[in-house]
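Examining the three-dimensional arrangement
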Amino acid sequence: MRRLLSSIYDRKDCNIIKLLLLFVLNLLSPLLIYVVAAPSFSIFSSGIEHNVVEEGKNGMKVTISFFANEVKGCKVDVHLYVTYPNGGLVPATQTSYSQDGRGAVDLIRLCTPGYDCTRYDDFVFFLPYEAIKAPEGAYVESVESYLVKTNFYLYNTDGSLNSVYPGSSDQFCVTWRGTQTSQQQVSTNPMDVLNNIISNPGAYMQFDFSGVPPASNVTPSSSGSAKQRHECYVCKATGRVEKMIYDPGDFKYCAECRRERPAGHYHSNCDNCYGTGYVEY
């Protein structure tokens with residue numbers, strides 16, 4: 001084929017063919033450059049740290065680390081949002097926690113990569129627990145699972161949206177207690193937690209209270225009767241739960257599961273019962 005093209009190109013009477021080949025190559029060159037250097041975002045770690053207090057509010061610190069490729073100098077909005085396991089968006093309690101204006105939990109941070117391949121380590125969002133709206137309806141205790149996700153919004157130089165790229169996804173659970181009437185801010189102080197429940201029997205969120213004794217996991221009985229021991233709803237009385245962080249590696253053997261699991265899979269003590277397998281209320 002190379003010899004054929006060379007023979008055609010070298011012929012004196014094939015100027016039209018030469019011009020045609022140059023025209024085709026000129027048309028294809030931008031496409032070839034785009035294929036080789038297409039914009040992309042790749043996350044190499046993500047995680048959640050609970051019970052972080054900022055400006056007097058208790059919440060979670062969501063950290064992602066990623067590479068931004070071929071978007072040097074471009075405006076990139078990183079969105080953090082919360083969904084139900086089925087993908088539905090979780091409503092926000094205040095408009096300040098819905099920065100995209102849709103009414104769902106959505107926080108936005110801007111980044112402008114300075115290199116063709118820019119690495120971001122520990123890109124942090126702080127999400128107050130009070131941002132998450134309590135489930136509707138009446139209930140004594142309800143354990144809900146949520147996903148906290150990130151997306152990358154890439155903009156053109158004229159400000160128009162170019163594309164949206166998927167980011168990280170991490171799971172966490174919330175134990176809601178009491179009939180849903182109003183939402184309570186979570187406190188890491190055990191006495192504050194108990195006083196909030198006693199003074200207002202509204203919805204109560206409980207997260208991963210690090211270092212707080214299991215007594216804070218007790219909902220006082222209105223009848224004054226003795227507290228009873230119950231199996232933990234989250235870990236099914238095992239005291240351990242499975243978690244996942246982003247890890248692009250291969251499958252590995254898990255000693256607790258006794259089988260191959262994804263590289264980001266791991267186990268930890270249950271956040272709801274502090275590893276005991278039981279709660280009292």
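You'll find the structure just up there.
I will try to describe carefully the structure that is included in this document. Within every chain, residues take consecutive numbers counted from 1 along the sequence as written. Only residues with pLDDT of at least 70 get local features here, since the model is predicted, and only at 80 or more are side-chain atom pairs given and counted; chain-wide, interface and lining totals rely on the full set of residues. The side-chain values count all of the structure's non-hydrogen atoms but skip hydrogen atoms and water molecules.

What follows deals with the side chain of D106. Tracing the sequence through the fold places D106 in strand 4 (residues 106–111). Residue classification places D106 among the buried residues on the basis of a relative accessible area of 1%. Setting aside chain neighbours within four positions, we find D106 in contact with H79, L80, Y81, Y97, S98, Q99 and D100. Helix and strand labels come from DSSP, where a helix needs a run of H or I of at least four residues and a strand needs a run of E of at least two; each type is numbered from the N terminus. Under the scheme applied here, a residue whose accessible area is under 20% of the maximum for its type counts as buried, over 50% as exposed, and between as partly exposed, the area being computed with a 1.4 Å probe on protein chains only. By definition, residues are in contact when any of their heavy atoms lie within 4.5 Å.

Secondary-structure assignment places S98 in the loop between strand 3 (76–83) and strand 4. The term polar contact refers here to a pair of N or O atoms within 3.5 Å; inside protein, the definition further demands a hydrogen-donor-capable atom paired with an acceptor-capable atom, and it admits residues adjacent in sequence only when both atoms are side-chain atoms. At 2.8 Å, the side chain of S98 forms a polar contact with the backbone oxygen of A104. Residues within four places of S98 in sequence aside, it is in contact with A92, G103, A104 and D106.

With that out of the way, let us pick up the packing of aromatic side chains. Pairing of aromatic rings covers Phe, Tyr and Trp, the last counted by its six-membered ring, and requires centre-to-centre distances within 6.5 Å; plane angles under 30 degrees mean stacked, over 60 mean edge-to-face, and any other angle means tilted. With the rule as written, the count across this model stands at 10 aromatic pairs. Pairing Y84 with Y146 gives two aromatic rings, centres 5.8 Å apart and planes at 35°, and the pair type is tilted. You can see Y84 sitting in the loop between strand 3 and strand 4 and its partner Y146 sitting in strand 6 (residues 141–155), a full 62 residues away along the chain. Taken together, a centroid distance of 6.0 Å and an interplanar angle of 90° make the contact between Y120 and F123 edge-to-face. Exposure remark for Y120: the relative accessible area of 16% places this residue in the buried category. Whether a charge lies above a ring is judged from NZ of Lys or CZ of Arg, which has to be within 6 Å of the ring centre and within 35 degrees of the ring normal. Over the ring of Y155 we find K75; its NZ or CZ atom is 4.6 Å from the centre of that ring. In this structure, R109 is placed above the aromatic ring of F123, and the distance from its NZ or CZ to the ring centre is 4.0 Å.

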